[in-house]
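Chain by chain, the residues run as shown.
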Amino acid sequence: MAHTNESVVSEFVLLGLSGSWELQLFFFAIFSIVYVASVLGNIMIIVIISSDSHLNSPMYFLLSNLSFIDICQSNFATPKMLADFLAEHKTISFEGCMAQIFLLHSFVGSEMMLLVAMAYDRFIAICKPLHYATIMNRRLCIIFVSISWAVGILHSVSHLAFTVDLPFCGPNEVDSFFCDLPLVIELACMDTYKMEIMTLTNSGLISLSCFLALIISYTIILITVQCRSSSGSSKALSTLTAHITVVILFFGPCIYFYIWPFSRLSVDKFLSVFYTVCTPLLNPIIYSLRNEEVKSAMRKLRNRHVNSWKN
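As recorded in an unreviewed UniProt entry, the protein chain goes by Olfactory receptor and comes from Loxodonta africana. Its UniProt record, at the heading Sequence similarities (unreviewed entry), says of the protein chain: "Belongs to the G-protein coupled receptor 1 family."

Where helix 2 (residues 21-51) contacts helix 3 (residues 58-75), the axes come no closer than 9 Å and their chain directions differ by 155°. Classified by the angle their axes make, helix 2 and helix 3 are roughly antiparallel. As helix 2 runs across helix 3, the sense of the crossing is left-handed. For the pair formed by helix 2 and helix 3, the contact residues are Tyr35, Ser38, Val39, Asn42, Ile43, Ile45, Ile46 and Ile49 on the first element and Tyr60, Leu63, Ser64, Ser67, Phe68, Asp70, Ile71, Ser74 and Asn75 on the second. Each residue belonging to the contact of helix 2 with helix 3 can be placed in one class, and the counts come to ten nonpolar, six polar and one charged.

We now examine the state of the cysteines. A complete count under the given rule lists two disulfides for this structure. Each disulfide pairs two cysteine sulfurs, and for Cys97 the partner residue is Cys179, the sulfurs being separated by 2.1 Å. Judged by the torsion about the S-S bond (-125°), the Cys97/Cys179 disulfide is left-handed. Pair noted here: Cys97 is in helix 5 (residues 94-127) and Cys179 is in the loop between strand 3 (173-174) and helix 8 (181-185), with a separation of 82 residues, a long-range link. Owing to a relative accessible area of 0%, Cys97 belongs among the buried residues under this scheme. What makes Cys179 buried here is its relative accessible area of 1%. Sulfur-sulfur distance for the disulfide between Cys169 and Cys189 comes to 1.9 Å. With the S-S bond torsion at -125°, the cross-link from Cys169 to Cys189 turns out left-handed. With a gap of 20 residues between them, Cys169 in the loop between helix 7 (138-163) and strand 3 and Cys189 in the loop between helix 8 and helix 9 (193-226) connect regions that are remote in the sequence. Judged by its relative accessible area of 36%, Cys169 is partly exposed. Owing to a relative accessible area of 27%, Cys189 belongs among the partly exposed residues under this scheme. Disulfides within the protein chain link the bonded cysteines, taken in sequence order, as 1-3, 2-4.

Calculation criteria
Sequence positions are assigned chain by chain, starting from 1 and proceeding in written order. Residue-level local features of this predicted model are given only where pLDDT is at least 70; pairs of side-chain atoms are given and counted only at 80 or more, and the full residue set underlies all totals for whole chains, interfaces and linings. The side-chain values count all of the structure's non-hydrogen atoms but skip hydrogen atoms and water molecules. UniProt positions are given in the numbering used here, feature names are shortened, and annotations may be inferred rather than shown by experiment. Axis lines are fitted to C-alpha atoms, over the contacting stretch for helices. Their N-to-C directions set the angle, which ranges from 0 to 180 degrees. Strands here are runs of E lasting at least two residues and helices are runs of H or I lasting at least four, both read from the DSSP assignment and numbered beginning at the N terminus. Angular relationships are summarised with four words: roughly parallel below 35 degrees, roughly antiparallel beyond 145, roughly perpendicular across 65 to 115, and oblique for the angles in between. Two helices that cross are described as forming a left-handed crossing if the nearer one is turned anticlockwise from the farther one by less than a right angle, and a right-handed crossing if clockwise. Any pair of residues with heavy atoms lying within 4.5 Å of one another is described as a contacting pair. Polar here means any residue outside two lists: the nonpolar Ala, Val, Leu, Ile, Met, Phe, Trp, Tyr, Cys and Pro, and the charged Asp, Glu, Lys and Arg; Gly therefore counts as polar. Whenever a pair of cysteine sulfur atoms sits within 2.5 Å, that pair is classed as a disulfide. Each residue gets one of three labels from its accessible area relative to the maximum for its type: buried under 20%, exposed over 50%, partly exposed in between, using a 1.4 Å probe on protein chains only.

Next comes the structure, spelled out in structure tokens:
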């Protein structure tokens, strides 16, 4: 039978995080705070960087783009999840489900590539400081950002091209709070083994290659920093710590899901929450708390607004 005749599922049921009404209200309160803090925090980073001339450098240009991706990632599923906590019937249309899959993989793929670009920026700044201004010009930064978005979108389209045409003819319950690609694939009325292997290969290649590139880059950078004994080294090490922390917290759950994409353990839902809801909050927290230049720019921006209100 043709796939078009079999695909009769028009919506999916999202089972969410819990069936308990009390727990859902608790999750609603907690994740509402996390969501608002994440969006406002990343907007704050972008405003601070764009308003302070001292932060007009390639590193902060890439950081502001990272914040923009995190804002996008905060909004692809979290508002729907919050609304579903207060709803009895948690459903999403077929088109909405495909849109969530496309957006998630676009944002995640873009962020992976952008983290690699940020690692390259630090590599040039620390290992080749005399050539930094020549190499890391605005044109190269724009190319890095463009490539990161292009790779993310292509990565997502390669998933979606096969998923859209799958025959969904009956089961429509997704055991998550959003349309997670492996869970949706399992609902297809066909043998999905080859699809699962393609999904694992596609996602695994981009995540592991980016992670290995980051590990190699930061290892070389850390060795270079350790070989120097100057005041600049401690500042570089502080900046590197923030970068490495973001990389570990971002890639940890990511690699877990790509190594065991079709195993369903109870911890998987909560790792999904951390990955999609909490990870976008890490960027403003880590960079604002560990970066003296960002903290200084925050204080100047606050004082400027306080003085304008007084006048």
